Amino acid sequence: MRTLIVLRHSKAAHVAGLADRERPLTGRGERDAKRAGDEIRASGLDPDVVLCSPALRTRRTAELAFPESEISYERDIYEAYADELLELVRGSDPDASTVVLCGHNPGVHELALSLAGGDYGFRPGAFAVIEVDSAWADLGPGEGRLVTRWDPKED
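About the thresholds
Within each chain, residues carry numbers counting from 1 in the order of the written sequence. This being a predicted model, a pLDDT of at least 70 is required before a residue's local features are given, and a value of 80 or more before pairs of side-chain atoms are given or counted; all residues contribute to the totals for chains, interfaces and linings. Side-chain figures throughout are based on the complete set of non-hydrogen atoms in the structure, without hydrogens or water. For helices the rule is a DSSP run of H or I covering at least 4 residues; for strands it is a run of E covering at least 2, with both sets numbered from the N terminus onward. Contact definition: two residues touch when any of their heavy atoms are within 4.5 Å. Following DSSP output, two strands are said to pair if at least two bridges run between them. Axis definition: a line fit to C-alpha positions, over the contact stretch in the case of helices; interaxial angles, taken between N-to-C directions, run 0 to 180 degrees. Each patch groups residues whose relative accessible area exceeds 30% and which form no salt bridge, using 9 Å between like charges and 5 Å between nonpolar side chains of Val, Leu, Ile, Met, Phe, Trp and Tyr. A 1.4 Å probe and the Shrake-Rupley method give the accessible areas. Residues count as covered only by the protein chains that appear here. A side-chain nitrogen of Lys or Arg and a carboxyl oxygen of Asp or Glu constitute a salt bridge if their distance falls within 4 Å. His is not counted, nor are the chain ends, whereas Lys and Arg count as positive and Asp and Glu as negative. Working definition for charges: the position is that of NZ of Lys, CZ of Arg, CG of Asp or CD of Glu. Accessible area is worked out with a 1.4 Å probe on protein chains only. A residue is then buried under 20% of its type maximum, exposed over 50%, and partly exposed in between. Aromatic rings from Phe, Tyr and Trp, with only the six-membered ring used for Trp, were paired whenever their centres fell within 6.5 Å, and each pair was classed as stacked if the ring planes differed by under 30 degrees, edge-to-face if by over 60, and tilted otherwise. The path from the first strand over the helix to the second decides the hand: if it runs clockwise while the strands point away from the viewer, the crossover is right-handed.

## Describing the environment of G142
If you trace the backbone, G142 turns up in the loop between strand 5 (127-132) and strand 6 (144-150). Excluding anything up to four places from it in sequence, G142 contacts S114 and L115.

If you want it as C-alpha cells, here you go:
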C-alpha cells in the first residue's frame, strides 16, 4: 500500500507587477499551510518524498507543511496538466511509501480526480489523501482510493 498526498498551495497574494512565480502566501495562506501539515501528521502520515513546484507560493506551502522533510523542487510541476503530474509521481522512489505532490490548480485537482474520482472542489491549501496498491511506476487513472480530503475553509 502506498499513499499519495496531493496538496494545492495555500492562498497567495496578487501583487501588481510581480511575476506569477514570485507570488507570496498571504497571512491566511501561511496559517493554512501549517494547518495542512498538522492535519497530515495527525493522520499518522509522514512523507518520504515531497515533490514541489518551484513557484514561491508552493515552496512556502511545502516548507510550512513539512518542515522536517526534504523537498524536491520540480520545475515541471508549474503549469502542469494532470497527466504530466502523474508522470512525475510515477518517477518517485519505488521504496517511498508516502509521496506528497505540492502544486497548482487545475492540475493537482484533476490529478486527484483522475486517480480516485469524487466530486469536490480544491481550494487553496486543500489536500487529498489517496491510497494506491500499485507501484509508483505503474500508477494509472482510477487506481486510487480517496481516503480523506481536507479544505481549510471547511475546517
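Additional details are given in the paragraphs that follow.
## Focus on the sheet that holds strand 4 (residues 98-103)
The strand order across the open sheet formed by six strands is 3-2-4-1-5-6, and the pairing between neighbours is mixed. Edge positions in the open sheet fall to strand 3 (71-73) and strand 6, since each of these has one partner strand only. Averaged over all adjacent pairs, the angle separating strand axes in this sheet is 20°, with direction ignored. Judged from the six bridges that link them, strand 1 (residues 2-8) and strand 5 form a sheet pairing that is antiparallel. Its bridge partner being in strand 5, I5 is matched across the sheet by V129. Packed on one face of the sheet, helix 1 (residues 27-42) meets strand 1, strand 5 and strand 6 and runs near 130° to strand 6.

## Observations concerning a negative patch on the surface
Judged by side-chain charge, D46, D48, D93 and D95 come together as a negatively charged surface patch. Summarising the element assignment, D46 is placed in the loop between helix 1 and strand 2 (49-52).

## Here's the deal with the side chain of R23
Tracing the sequence through the fold places R23 in the loop between strand 1 and helix 1. On the accessibility criterion, R23 (13% relative accessible area) is buried. Residues in contact with R23, not counting those within four places in the same chain, are A12, A13, H14, L18, L56 and R57.

## Structural notes on the packing of aromatic side chains
Inspection of the entire model under this criterion finds two aromatic pairs. Note on F127 and W150: the rings are 5.6 Å apart at their centroids and 25° apart in plane angle, and the pair reads as stacked. A residue pair is termed long-range when its members are at least 10 positions apart, and F127 in strand 5 and W150 in strand 6 qualify at 23 residues.

## Some points on unusual backbone geometry
A cis geometry characterises the amide bond from N105 onward to P106, with omega recorded as 5°. Phi at E79 is positive, roughly 60°, even though this residue is not glycine.

## With respect to the pairing of strand 2
The side-chain alternation of strand 2 yields two buried faces, one formed by V49 and L51 and the other by V50 and C52. Looking at chain direction, strand 2 and strand 3 are connected through three bridges and run parallel. Bridged to C52 within strand 3 is Y73. In this fold, strand 2 hands off to helix 2 (residues 56-65), which returns the chain to strand 3; that crossover is right-handed.

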